[in-house]
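Structure at a glance
If you want the building blocks of each chain, they are given just below.
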Amino acid sequence: MATRARNATRKADCGAVVVTGVGALSPMGASVEALWAALLDGRSGIRSLEEDWPSDIPVRIGGRVPIDIEAALSAEQNRSQDRVQQLAVLAARQAWTDAGSPEVDPDRLAVVVGSAIGGVQTLLAQHDAMREGGARKLSPFAIPKLIPNGPAAAVGLDLGARAGVHTPVSACASGAEAIALGFDLLRADRADVVVCGGAEASLHPLPMSAFAAMRAVSRRSCAPAEASCPFDKKRDGFVMGEGSGMVVLERASDVRRRAARVRAELAGAGLSADSHHLVQPDPVGDGAARAMTAAMRGAGIGPGEVVHVNAHGTSTPRGDLAEARAIRRALGAAADSVPVSATKSMTGHLLGAAGALEAVITVLSISALLAPPTLNLEDQDDDVDLDVVRWTPRPLRSGTALSNSFGFGGHNVSLALRPVAALAWGQNAA
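Along each chain, numbering runs from 1 in the same order as the chain's sequence is written. Owing to the predicted nature of the model, reporting of local features is limited to residues with pLDDT of at least 70; listing and counting of side-chain atom pairs is limited to 80 or more, with chain, interface and lining totals taken over all residues. The basis for the side-chain values is all heavy atoms of the structure; hydrogens and waters are excluded.

Structural notes on the confidence of the model for the protein
Put simply, the protein has an average pLDDT of 94, and 94% of its residues get 70 or more. Each residue gets a pLDDT score, which is the predictor's confidence in that residue and runs from 0 to 100. We call two residues in contact whenever any of their non-hydrogen atoms come within 4.5 Å of each other. This model gives residues 1-14 a pLDDT under 50, and the stretch forms 13 contacts once residues within four places in sequence are excluded. Confidence over residues 422-430 falls short of pLDDT 50; this stretch has 13 contacts with residues more than four positions distant or in other chains.

Considering the sheet that holds strand β8 (residues 264-273)
Only strands joined by at least two bridges in the DSSP assignment are considered to pair. Helical segments are the DSSP runs of H or I of at least four residues, strand segments are the runs of E of at least two, and each set is numbered from the N terminus. Strand order in the open sheet formed by eleven strands is β5-β4-β6-β7-β1-β8-β15-β14-β9-β10-β12, with mixed pairing between adjacent strands. One side of each edge strand has no neighbouring strand; the edge strands of this open sheet are β5 (164-166) and β12 (387-388). Sheet analysis places strand β6 (residues 193-200) next to strand β7 (residues 243-251), joined by eight bridges and oriented antiparallel. Bridge pairing in β7 links V195 to V248. Here an axis means a line fitted to C-alpha atoms, over the contact stretch when the element is a helix, while the angle between two N-to-C directions is reported on a 0 to 180 degree scale. Helix α5 (residues 83-98) contacts β1 (17-25), β4 (109-114), β6 and β7 of the sheet and is inclined by roughly 135 degrees relative to β1.

Things to note about the pairing of β4
Buried residues are those whose accessible area, probed at 1.4 Å on protein chains only, stays under 20% of the maximum for their type, while exposed residues exceed 50% and partly exposed ones sit between those limits. For β4, a buried count of six out of six residues is recorded, marking the element as mostly surrounded by other parts of the structure. Here β4 shows two buried faces, one formed by L109, V111 and V113 and the other by A110, V112 and G114. In terms of strand pairing, β4 meets β6 through six bridges, oriented parallel. Residue pairing for β6: G114 is matched across the bridge by G198.

Details of the packing of aromatic side chains
Under the pairing criterion, centres of Phe, Tyr and Trp rings, with the six-membered ring standing for Trp, must be within 6.5 Å; the plane angle then separates stacked pairs below 30 degrees from edge-to-face pairs above 60, leaving the rest tilted. Taken as a whole, this structure holds two aromatic pairs when the rule is applied. Ring centres of F211 and F238 lie 5.2 Å apart, and the angle between their planes is 75 degrees; this geometry places the pair in the edge-to-face category. Note that F211 is positioned in helix α10 (residues 205-213) and F238 in the loop between α10 and β7, a separation of 27 residues in sequence. Across the pair, F238 and F211 agree in class, each one buried. Seen from their ring centres, F211 and F408 are 6.4 Å apart, and the 55 degrees between their planes marks the pair as tilted. Of the two residues, F211 is situated in helix α10 and F408 in the loop between β14 (400-407) and β15 (411-418); the sequence distance between them amounts to 197 residues. According to the relative accessible area criterion, F211 is buried, its value standing at 12%. Among the aromatic residues, those joined into a cluster by ring pairs are F211, F238 and F408.

What follows is the structure in C-alpha coordinates.
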(Lines give C-alpha, C1' and ligand atoms only; values in the text may rest on other atoms or scores of the structure.)
Protein backbone atom coordinates (compact mmCIF):
# COMPACT_ATOMS: atom_id res chain seq x y z
CA MET A 1 0.00 0.00 0.00
CA ALA A 2 2.83 2.39 0.84
CA THR A 3 4.44 1.78 -2.56
CA ARG A 4 1.13 2.32 -4.33
CA ALA A 5 0.57 5.60 -2.45
CA ARG A 6 4.12 6.73 -3.25
CA ASN A 7 3.61 6.02 -6.95
CA ALA A 8 0.27 7.84 -6.97
CA THR A 9 1.87 10.88 -5.33
CA ARG A 10 4.75 10.84 -7.80
CA LYS A 11 2.41 10.65 -10.79
CA ALA A 12 0.43 13.60 -9.45
CA ASP A 13 3.66 15.58 -9.22
CA CYS A 14 4.93 14.77 -12.72
CA GLY A 15 3.79 18.03 -14.37
CA ALA A 16 6.71 20.45 -14.21
CA VAL A 17 10.22 19.46 -15.29
CA VAL A 18 13.10 21.72 -14.36
CA VAL A 19 16.79 22.11 -15.20
CA THR A 20 18.91 21.93 -12.06
CA GLY A 21 22.36 21.64 -13.61
CA VAL A 22 24.20 22.56 -16.81
CA GLY A 23 27.58 21.55 -18.18
CA ALA A 24 29.44 22.49 -21.35
CA LEU A 25 32.70 21.90 -23.16
CA SER A 26 32.89 23.95 -26.32
CA PRO A 27 35.33 25.72 -28.63
CA MET A 28 34.80 28.74 -26.35
CA GLY A 29 36.28 26.95 -23.35
CA ALA A 30 36.01 23.96 -21.03
CA SER A 31 33.27 25.34 -18.78
CA VAL A 32 29.85 26.95 -18.84
CA GLU A 33 31.35 30.16 -17.50
CA ALA A 34 33.92 30.36 -20.30
CA LEU A 35 31.20 29.69 -22.89
CA TRP A 36 28.91 32.43 -21.60
CA ALA A 37 31.67 35.03 -21.22
CA ALA A 38 32.86 34.45 -24.80
CA LEU A 39 29.33 34.63 -26.20
CA LEU A 40 28.63 37.95 -24.51
CA ASP A 41 31.99 39.30 -25.69
CA GLY A 42 31.32 38.16 -29.26
CA ARG A 43 34.51 36.05 -29.35
CA SER A 44 34.65 33.23 -31.87
CA GLY A 45 35.96 29.79 -30.96
CA ILE A 46 36.80 28.96 -34.58
CA ARG A 47 40.49 28.57 -35.35
CA SER A 48 42.87 27.30 -38.02
CA LEU A 49 43.60 23.62 -37.46
CA GLU A 50 47.33 22.96 -37.46
CA GLU A 51 47.28 19.15 -37.49
CA ASP A 52 49.59 17.27 -39.83
CA TRP A 53 46.91 16.32 -42.31
CA PRO A 54 47.22 15.66 -46.06
CA SER A 55 47.74 18.82 -48.07
CA ASP A 56 44.60 18.34 -50.18
CA ILE A 57 42.16 18.60 -47.27
CA PRO A 58 39.75 21.31 -48.51
CA VAL A 59 38.83 22.67 -45.06
CA ARG A 60 41.32 23.46 -42.31
CA ILE A 61 39.26 25.43 -39.81
CA GLY A 62 37.13 24.27 -36.92
CA GLY A 63 36.23 24.68 -33.29
CA ARG A 64 38.25 22.49 -30.92
CA VAL A 65 37.70 22.29 -27.16
CA PRO A 66 40.74 23.82 -25.40
CA ILE A 67 41.28 21.10 -22.81
CA ASP A 68 43.93 18.60 -21.78
CA ILE A 69 41.84 15.42 -21.81
CA GLU A 70 44.61 13.23 -20.38
CA ALA A 71 44.91 15.43 -17.31
CA ALA A 72 41.15 15.57 -16.78
CA LEU A 73 40.45 11.82 -16.80
CA SER A 74 41.88 8.60 -15.39
CA ALA A 75 44.40 6.43 -17.20
CA GLU A 76 41.70 3.83 -17.81
CA GLN A 77 39.33 6.38 -19.35
CA ASN A 78 42.11 7.74 -21.55
CA ARG A 79 42.83 4.22 -22.77
CA SER A 80 39.30 2.91 -23.21
CA GLN A 81 37.25 5.91 -24.41
CA ASP A 82 37.07 7.83 -27.67
CA ARG A 83 37.33 11.60 -27.41
CA VAL A 84 33.57 11.96 -27.91
CA GLN A 85 32.94 9.80 -24.84
CA GLN A 86 35.46 11.75 -22.81
CA LEU A 87 33.85 15.08 -23.68
CA ALA A 88 30.46 13.67 -22.72
CA VAL A 89 31.70 12.43 -19.35
CA LEU A 90 33.37 15.73 -18.46
CA ALA A 91 30.33 17.84 -19.41
CA ALA A 92 28.03 15.48 -17.50
CA ARG A 93 30.21 15.79 -14.40
CA GLN A 94 29.94 19.56 -14.63
CA ALA A 95 26.15 19.40 -14.91
CA TRP A 96 25.93 16.90 -12.04
CA THR A 97 28.01 19.12 -9.77
CA ASP A 98 26.03 22.18 -10.82
CA ALA A 99 22.83 20.35 -9.84
CA GLY A 100 24.21 19.75 -6.35
CA SER A 101 25.02 16.06 -6.93
CA PRO A 102 21.46 14.85 -6.33
CA GLU A 103 21.01 11.93 -3.96
CA VAL A 104 18.99 9.55 -6.09
CA ASP A 105 18.40 5.82 -6.15
CA PRO A 106 20.50 4.53 -9.07
CA ASP A 107 17.43 2.61 -10.25
CA ARG A 108 15.74 6.01 -10.71
CA LEU A 109 18.65 7.75 -12.47
CA ALA A 110 18.62 7.76 -16.28
CA VAL A 111 21.01 9.02 -18.94
CA VAL A 112 20.21 10.16 -22.49
CA VAL A 113 23.12 11.31 -24.66
CA GLY A 114 22.89 11.78 -28.42
CA SER A 115 25.64 11.90 -31.01
CA ALA A 116 25.38 12.26 -34.76
CA ILE A 117 28.52 10.29 -35.62
CA GLY A 118 29.88 8.75 -32.42
CA GLY A 119 33.45 7.43 -32.17
CA VAL A 120 34.50 8.21 -35.71
CA GLN A 121 38.08 9.05 -34.75
CA THR A 122 38.54 5.56 -33.29
CA LEU A 123 36.91 3.93 -36.31
CA LEU A 124 39.20 5.68 -38.77
CA ALA A 125 42.33 5.29 -36.66
CA GLN A 126 41.69 1.56 -36.25
CA HIS A 127 41.11 1.21 -39.98
CA ASP A 128 44.49 2.82 -40.59
CA ALA A 129 46.13 0.55 -38.00
CA MET A 130 44.71 -2.61 -39.60
CA ARG A 131 45.66 -1.51 -43.10
CA GLU A 132 49.23 -0.80 -42.04
CA GLY A 133 49.85 -3.65 -39.59
CA GLY A 134 47.11 -6.23 -39.95
CA ALA A 135 44.36 -7.41 -37.66
CA ARG A 136 46.72 -7.93 -34.73
CA LYS A 137 47.18 -4.17 -34.48
CA LEU A 138 43.53 -3.59 -33.55
CA SER A 139 42.74 -2.40 -30.03
CA PRO A 140 40.50 -4.54 -27.79
CA PHE A 141 38.72 -1.28 -26.96
CA ALA A 142 37.96 -0.47 -30.62
CA ILE A 143 34.30 -1.51 -30.61
CA PRO A 144 33.24 0.11 -27.29
CA LYS A 145 35.08 3.28 -28.37
CA LEU A 146 33.43 3.58 -31.79
CA ILE A 147 29.81 2.53 -31.18
CA PRO A 148 27.27 5.39 -31.29
CA ASN A 149 25.94 4.66 -27.79
CA GLY A 150 29.46 5.04 -26.38
CA PRO A 151 28.97 8.58 -24.97
CA ALA A 152 25.72 7.63 -23.22
CA ALA A 153 27.23 4.40 -21.90
CA ALA A 154 30.31 6.22 -20.59
CA VAL A 155 28.19 8.80 -18.77
CA GLY A 156 25.90 6.12 -17.38
CA LEU A 157 28.86 4.16 -16.01
CA ASP A 158 30.45 7.28 -14.58
CA LEU A 159 27.29 8.23 -12.67
CA GLY A 160 26.03 4.74 -11.91
CA ALA A 161 22.73 5.23 -13.74
CA ARG A 162 20.46 2.15 -13.82
CA ALA A 163 17.05 3.49 -14.86
CA GLY A 164 18.11 3.37 -18.50
CA VAL A 165 20.84 4.67 -20.78
CA HIS A 166 19.58 5.89 -24.15
CA THR A 167 21.09 7.22 -27.40
CA PRO A 168 18.97 9.11 -29.92
CA VAL A 169 20.79 9.43 -33.23
CA SER A 170 19.03 12.09 -35.28
CA ALA A 171 21.91 13.88 -36.98
CA CYS A 172 22.30 17.48 -35.81
CA ALA A 173 19.11 17.31 -33.75
CA SER A 174 20.48 14.46 -31.57
CA GLY A 175 21.42 16.51 -28.51
CA ALA A 176 18.10 18.36 -28.44
CA GLU A 177 16.18 15.13 -28.96
CA ALA A 178 18.06 13.62 -26.02
CA ILE A 179 16.76 16.43 -23.80
CA ALA A 180 13.23 15.92 -25.16
CA LEU A 181 13.49 12.21 -24.34
CA GLY A 182 14.73 13.05 -20.83
CA PHE A 183 11.66 15.28 -20.45
CA ASP A 184 9.43 12.35 -21.47
CA LEU A 185 11.14 9.91 -19.09
CA LEU A 186 10.36 12.15 -16.12
CA ARG A 187 6.78 12.81 -17.17
CA ALA A 188 6.24 9.07 -17.69
CA ASP A 189 7.67 8.39 -14.21
CA ARG A 190 10.44 6.16 -15.53
CA ALA A 191 13.12 8.13 -13.66
CA ASP A 192 13.51 10.77 -10.96
CA VAL A 193 16.68 12.38 -12.36
CA VAL A 194 17.85 12.40 -15.97
CA VAL A 195 21.25 13.55 -17.22
CA CYS A 196 20.88 14.35 -20.90
CA GLY A 197 22.53 16.13 -23.79
CA GLY A 198 24.87 15.51 -26.68
CA ALA A 199 28.52 15.06 -27.59
CA GLU A 200 30.58 15.15 -30.78
CA ALA A 201 34.25 14.93 -31.70
CA SER A 202 34.53 14.62 -35.48
CA LEU A 203 37.33 17.02 -36.40
CA HIS A 204 39.07 14.57 -38.71
CA PRO A 205 40.05 14.82 -42.40
CA LEU A 206 37.46 12.30 -43.61
CA PRO A 207 34.21 13.77 -42.21
CA MET A 208 35.44 17.30 -42.84
CA SER A 209 36.30 16.50 -46.44
CA ALA A 210 33.05 14.58 -46.90
CA PHE A 211 31.02 17.58 -45.76
CA ALA A 212 33.09 19.72 -48.13
CA ALA A 213 32.31 17.32 -51.00
CA MET A 214 28.60 17.92 -50.49
CA ARG A 215 29.22 21.69 -50.26
CA ALA A 216 27.86 21.90 -46.72
CA VAL A 217 30.84 23.60 -45.03
CA SER A 218 32.47 26.98 -45.42
CA ARG A 219 35.82 27.04 -47.21
CA ARG A 220 36.92 30.39 -45.77
CA SER A 221 40.06 28.94 -44.23
CA CYS A 222 41.83 32.29 -44.57
CA ALA A 223 39.44 33.93 -42.07
CA PRO A 224 38.37 31.30 -39.51
CA ALA A 225 36.55 33.60 -37.08
CA GLU A 226 34.50 35.12 -39.93
CA ALA A 227 33.57 31.90 -41.73
CA SER A 228 30.36 31.12 -39.85
CA CYS A 229 27.90 33.88 -40.69
CA PRO A 230 24.29 32.75 -40.21
CA PHE A 231 21.60 34.70 -42.05
CA ASP A 232 24.18 36.83 -43.89
CA LYS A 233 24.15 37.07 -47.68
CA LYS A 234 27.75 35.84 -47.90
CA ARG A 235 27.17 32.59 -45.96
CA ASP A 236 28.58 29.54 -47.71
CA GLY A 237 28.27 26.70 -45.21
CA PHE A 238 28.82 25.73 -41.60
CA VAL A 239 32.05 25.36 -39.66
CA MET A 240 32.55 22.13 -37.74
CA GLY A 241 33.14 22.18 -34.03
CA GLU A 242 33.43 19.64 -31.24
CA GLY A 243 32.21 19.56 -27.68
CA SER A 244 29.42 18.51 -25.36
CA GLY A 245 26.43 20.09 -23.66
CA MET A 246 24.58 18.47 -20.75
CA VAL A 247 21.66 19.27 -18.49
CA VAL A 248 20.25 17.62 -15.37
CA LEU A 249 16.47 17.35 -15.40
CA GLU A 250 14.25 16.68 -12.39
CA ARG A 251 10.62 17.03 -11.41
CA ALA A 252 9.86 20.34 -9.73
CA SER A 253 8.23 18.60 -6.77
CA ASP A 254 11.39 16.57 -6.03
CA VAL A 255 13.60 19.62 -6.35
CA ARG A 256 11.41 21.59 -3.96
CA ARG A 257 11.79 18.88 -1.34
CA ARG A 258 15.58 18.97 -1.49
CA ALA A 259 15.69 22.78 -1.71
CA ALA A 260 17.93 22.72 -4.78
CA ARG A 261 18.65 25.61 -7.11
CA VAL A 262 16.56 25.67 -10.28
CA ARG A 263 18.06 27.18 -13.41
CA ALA A 264 14.99 26.98 -15.67
CA GLU A 265 11.84 25.07 -16.46
CA LEU A 266 11.79 22.81 -19.49
CA ALA A 267 8.21 23.68 -20.31
CA GLY A 268 7.72 21.88 -23.62
CA ALA A 269 9.38 19.92 -26.39
CA GLY A 270 8.23 19.60 -29.98
CA LEU A 271 9.47 17.01 -32.48
CA SER A 272 8.58 16.54 -36.14
CA ALA A 273 9.92 15.24 -39.45
CA ASP A 274 10.02 16.97 -42.81
CA SER A 275 9.74 13.83 -44.99
CA HIS A 276 11.10 16.06 -47.74
CA HIS A 277 14.74 15.17 -48.58
CA LEU A 278 17.67 13.30 -47.06
CA VAL A 279 19.85 16.38 -46.53
CA GLN A 280 17.85 19.42 -47.64
CA PRO A 281 15.29 21.06 -45.34
CA ASP A 282 11.71 21.65 -46.39
CA PRO A 283 12.15 25.04 -48.10
CA VAL A 284 8.94 26.47 -46.63
CA GLY A 285 9.88 25.36 -43.11
CA ASP A 286 6.67 23.46 -42.42
CA GLY A 287 8.23 20.66 -40.35
CA ALA A 288 10.38 23.00 -38.28
CA ALA A 289 7.39 25.26 -37.67
CA ARG A 290 5.34 22.28 -36.48
CA ALA A 291 8.06 21.40 -33.96
CA MET A 292 8.07 24.97 -32.63
CA THR A 293 4.28 25.04 -32.43
CA ALA A 294 4.28 21.73 -30.54
CA ALA A 295 6.85 23.08 -28.06
CA MET A 296 4.71 26.17 -27.46
CA ARG A 297 1.59 24.05 -27.07
CA GLY A 298 3.35 21.86 -24.53
CA ALA A 299 4.42 24.97 -22.62
CA GLY A 300 0.88 26.33 -22.67
CA ILE A 301 1.81 29.54 -24.46
CA GLY A 302 1.05 31.33 -27.68
CA PRO A 303 3.43 33.00 -30.16
CA GLY A 304 3.06 36.37 -28.43
CA GLU A 305 4.59 34.94 -25.26
CA VAL A 306 7.87 33.83 -26.85
CA VAL A 307 10.62 36.25 -25.83
CA HIS A 308 13.64 34.74 -27.61
CA VAL A 309 14.68 32.14 -30.17
CA ASN A 310 18.06 30.46 -30.22
CA ALA A 311 18.11 29.51 -33.88
CA HIS A 312 19.67 26.41 -35.40
CA GLY A 313 21.31 28.93 -37.77
CA THR A 314 24.13 26.89 -39.30
CA SER A 315 25.21 29.41 -41.96
CA THR A 316 24.12 27.25 -44.90
CA PRO A 317 22.25 29.07 -47.68
CA ARG A 318 19.19 26.79 -47.74
CA GLY A 319 19.08 25.89 -44.07
CA ASP A 320 19.05 29.44 -42.74
CA LEU A 321 16.35 30.51 -45.16
CA ALA A 322 14.15 27.51 -44.34
CA GLU A 323 14.49 28.21 -40.61
CA ALA A 324 13.68 31.90 -41.05
CA ARG A 325 10.49 30.91 -42.85
CA ALA A 326 9.71 28.35 -40.14
CA ILE A 327 10.07 30.91 -37.36
CA ARG A 328 7.82 33.32 -39.22
CA ARG A 329 5.36 30.50 -39.91
CA ALA A 330 5.24 29.46 -36.25
CA LEU A 331 5.22 32.89 -34.63
CA GLY A 332 3.41 34.92 -37.25
CA ALA A 333 3.32 38.66 -36.60
CA ALA A 334 4.81 38.05 -33.13
CA ALA A 335 8.14 37.27 -34.84
CA ASP A 336 8.57 41.00 -35.46
CA SER A 337 9.42 41.55 -31.79
CA VAL A 338 11.27 38.31 -30.94
CA PRO A 339 15.09 38.61 -30.80
CA VAL A 340 16.79 35.72 -32.62
CA SER A 341 20.37 34.60 -31.88
CA ALA A 342 22.47 32.24 -33.99
CA THR A 343 25.28 31.20 -31.66
CA LYS A 344 26.89 28.81 -34.15
CA SER A 345 28.44 31.98 -35.54
CA MET A 346 30.83 31.70 -32.57
CA THR A 347 30.78 28.05 -31.48
CA GLY A 348 30.72 26.47 -34.90
CA HIS A 349 28.40 23.55 -35.57
CA LEU A 350 28.82 20.76 -33.01
CA LEU A 351 26.62 18.39 -35.03
CA GLY A 352 24.99 15.97 -32.54
CA ALA A 353 26.05 18.12 -29.59
CA ALA A 354 24.76 21.38 -31.05
CA GLY A 355 21.20 21.19 -29.78
CA ALA A 356 22.29 20.35 -26.25
CA LEU A 357 24.91 23.10 -26.12
CA GLU A 358 22.37 25.60 -27.42
CA ALA A 359 19.82 24.47 -24.83
CA VAL A 360 22.44 25.31 -22.20
CA ILE A 361 22.98 28.69 -23.86
CA THR A 362 19.23 29.31 -23.87
CA VAL A 363 19.03 28.52 -20.15
CA LEU A 364 21.80 31.06 -19.55
CA SER A 365 20.09 33.62 -21.79
CA ILE A 366 16.74 33.54 -20.05
CA SER A 367 18.42 33.54 -16.64
CA ALA A 368 20.56 36.58 -17.40
CA LEU A 369 17.83 38.21 -19.56
CA LEU A 370 20.38 38.65 -22.34
CA ALA A 371 20.33 37.38 -25.93
CA PRO A 372 23.83 36.65 -27.27
CA PRO A 373 24.78 38.42 -30.49
CA THR A 374 25.10 36.75 -33.89
CA LEU A 375 28.66 37.21 -35.08
CA ASN A 376 29.60 38.15 -38.66
CA LEU A 377 26.13 39.36 -39.62
CA GLU A 378 26.96 42.37 -41.77
CA ASP A 379 24.46 42.17 -44.60
CA GLN A 380 21.33 40.25 -43.60
CA ASP A 381 19.67 38.19 -46.32
CA ASP A 382 16.69 40.11 -47.68
CA ASP A 383 14.55 36.97 -47.34
CA VAL A 384 15.36 36.54 -43.64
CA ASP A 385 12.46 38.47 -42.17
CA LEU A 386 13.60 38.26 -38.53
CA ASP A 387 14.97 40.50 -35.79
CA VAL A 388 18.40 38.88 -35.59
CA VAL A 389 20.57 40.09 -32.69
CA ARG A 390 23.94 41.35 -33.89
CA TRP A 391 27.04 43.14 -32.64
CA THR A 392 26.17 43.22 -28.90
CA PRO A 393 23.96 41.27 -26.47
CA ARG A 394 20.31 42.33 -26.39
CA PRO A 395 18.26 42.68 -23.17
CA LEU A 396 15.37 40.23 -22.94
CA ARG A 397 12.10 40.42 -21.12
CA SER A 398 11.34 37.49 -18.85
CA GLY A 399 9.43 34.68 -20.53
CA THR A 400 9.67 31.55 -22.63
CA ALA A 401 12.43 30.99 -25.18
CA LEU A 402 12.67 28.41 -27.95
CA SER A 403 15.84 26.52 -28.82
CA ASN A 404 15.73 25.04 -32.32
CA SER A 405 17.66 22.09 -33.72
CA PHE A 406 17.33 20.43 -37.11
CA GLY A 407 19.18 17.55 -38.76
CA PHE A 408 19.80 15.68 -41.99
CA GLY A 409 16.92 13.33 -42.64
CA GLY A 410 14.39 16.02 -41.77
CA HIS A 411 14.63 15.76 -37.98
CA ASN A 412 13.21 18.80 -36.16
CA VAL A 413 13.31 19.53 -32.43
CA SER A 414 12.30 22.67 -30.55
CA LEU A 415 12.65 23.05 -26.78
CA ALA A 416 10.65 25.59 -24.77
CA LEU A 417 12.53 26.91 -21.73
CA ARG A 418 11.50 29.55 -19.23
CA PRO A 419 12.94 31.01 -16.02
CA VAL A 420 11.74 30.04 -12.57
CA ALA A 421 11.47 32.84 -9.98
CA ALA A 422 14.05 32.15 -7.26
CA LEU A 423 11.69 33.33 -4.50
CA ALA A 424 9.24 30.60 -5.43
CA TRP A 425 11.82 28.08 -4.29
CA GLY A 426 12.64 29.73 -0.98
CA GLN A 427 16.19 30.63 -1.90
CA ASN A 428 18.33 33.40 -3.25
CA ALA A 429 18.90 33.78 -6.96
CA ALA A 430 22.11 32.18 -8.15
